[in-house]
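Each chain, letter by letter, is given below.
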Amino acid sequence: MLFVDQTFVLRSIRRFEVTLLSLTSLIQTNKVFQEMIRKVTPKAADFRSYNIDIPPFKNKVILADVNFTSYVSGLVRVAFQYLTCAMLARKNRDSPIEALNPLARRGYEVIHEFFSDVPVMEELTDLFTHFNDNWKAFIRGEDVLEDDLIHGIFMCSKLDTIYRLGVHSTFTSPTEFVKQFIYPPMPDVVDDLKLLRHIFETHFPYQEGFPIKYHPVFDEGRRQVGGASADFIMGDTLYDVKTNKKPGYNWKEAAELVAYYLLNQLEAQTYRIEKLAFYRARFGVVEYVEIADLLNKYDMDQALDDLRKFNRGWRS
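Residues numbered from 1 in each chain as written. Predicted model: local features only at pLDDT ≥ 70, side-chain atom pairs only at ≥ 80, totals over all residues. Heavy atoms only, no water.

**Some words on the nonpolar core**
- In this structure, Phe 80, Ile 111, Leu 124, Met 155, Phe 204 and Tyr 279 are the most contacted members of the largest nonpolar core, which totals 66 residues.
- In terms of residue count, the dominant contributor to this core is helix H4 (residues 70–92) (12 residues).
- Discounting chain neighbours no more than four positions away, the residues touching Phe 204 are Leu 88, Ile 199, Phe 232, Met 234, Tyr 239, Tyr 279 and Val 286. (Core = buried A, V, L, I, M, F, W, Y, C linked by side-chain atoms within 4.5 Å. Buried < 20%, exposed > 50% of the residue type's maximum accessible area, 1.4 Å probe, protein only. Helix = DSSP H or I, 4+ residues; strand = E, 2+ residues; numbered from the N terminus. Contact = heavy atoms within 4.5 Å.)

Here it is in structure tokens:
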């Protein structure tokens, strides 16, 4: 395969972007959608803190401080989302298959489809197979080398990211392109993920016996905004995992949470959601808002009606 085919691979992988990132894209760039959703987006004062006395979004002690580039920070965020689901599934004795975000496998399958004749692809296949074995063993409660698990999860974060966003770097050869998924994370990334794991196991308000839905997908039926998926729902609380260092309120993050709820309502309440929450991984804090409070304060019925009528002309 000549590497001139990278352009085709780029287009092929990016064809999924509209579907998988449309909600985020709308909130970031579409003024009509922003106006519509901002009317019912919870304000900072609507949130509460679950496990500390400090009010939400105020200065709090950071437990895991780092200085990564934006690219590495993004990979760490995705990797920690995978790690979070693994930890929850292990505690809850859930299915390893249900807990694993399918985007990692889809990313691997796309890469394998286009680079199957690249010799180093066999090494990636072995690593992906080894990761799947480790993932299942870890969730079953078996002892797994933490470094091995993190290596595999970091690989998944790259496969996931490329599947969603496409290829954003130029590689000198097909071999170098495939090798990016095989390289282990830098020691500081490994240390950071280990620390985030410890903070989660110490501070996250896990409640035994509560059912967990991993990677819930919204808007599959009506396709009002092209699709959307969240991190997980535990009991009746939808969680969005954040690894950023800034503790302050961000209305676009809050808008994404409430958009999940609205899309769930349009889908005839596929999931029972009574709370919307952020888990702030670097602070070990949960900040949440009650749906009952939003219904009392904002015109959610009007927002649902607006969403039903929303024109998907933003695609063009």
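Picking up after the structure, the text goes on.
**A short note on the pairing of strand S6 (residues 237–242)**
- The buried fraction of S6 amounts to 6 of the 6 residues, a majority that puts the element mostly inside the structure.
- Because side chains alternate across S6, one face comprises the buried residues Thr 237, Tyr 239 and Val 241, and the other comprises Leu 238, Asp 240 and Lys 242, equally buried.
- As paired elements, strand S5 (residues 232–234) and S6 share 3 bridges and run antiparallel to each other. Considered in S6, the bridge of Phe 232 is made with Tyr 239.
- Here S6 pairs with strand S7 (residues 275–280) via 6 bridges, running parallel. (Pairing = 2+ DSSP bridges.)

**What to know about the pairing of strand S8 (residues 285–290)**
- A large share of S8 lies buried, amounting to 6 of its 6 residues.
- Because side chains alternate across S8, one face comprises the buried residues Val 285, Glu 287 and Val 289, and the other comprises Val 286, Tyr 288 and Glu 290, equally buried.
- One ladder, built from 2 bridges, connects strand S1 (residues 48–49) with S8; its direction is antiparallel. Residue pairing for S8: Arg 48 is matched across the bridge by Tyr 288.
- Two elements, S7 and S8, share 6 bridges in a ladder whose sense is antiparallel. Residue pairing across strands places Ala 277 opposite Tyr 288, the latter belonging to S8.
- Hairpin connection from S7 to S8: 4 residues lie between these consecutive antiparallel strands, with Gly 284 at a positive phi of about 65°.

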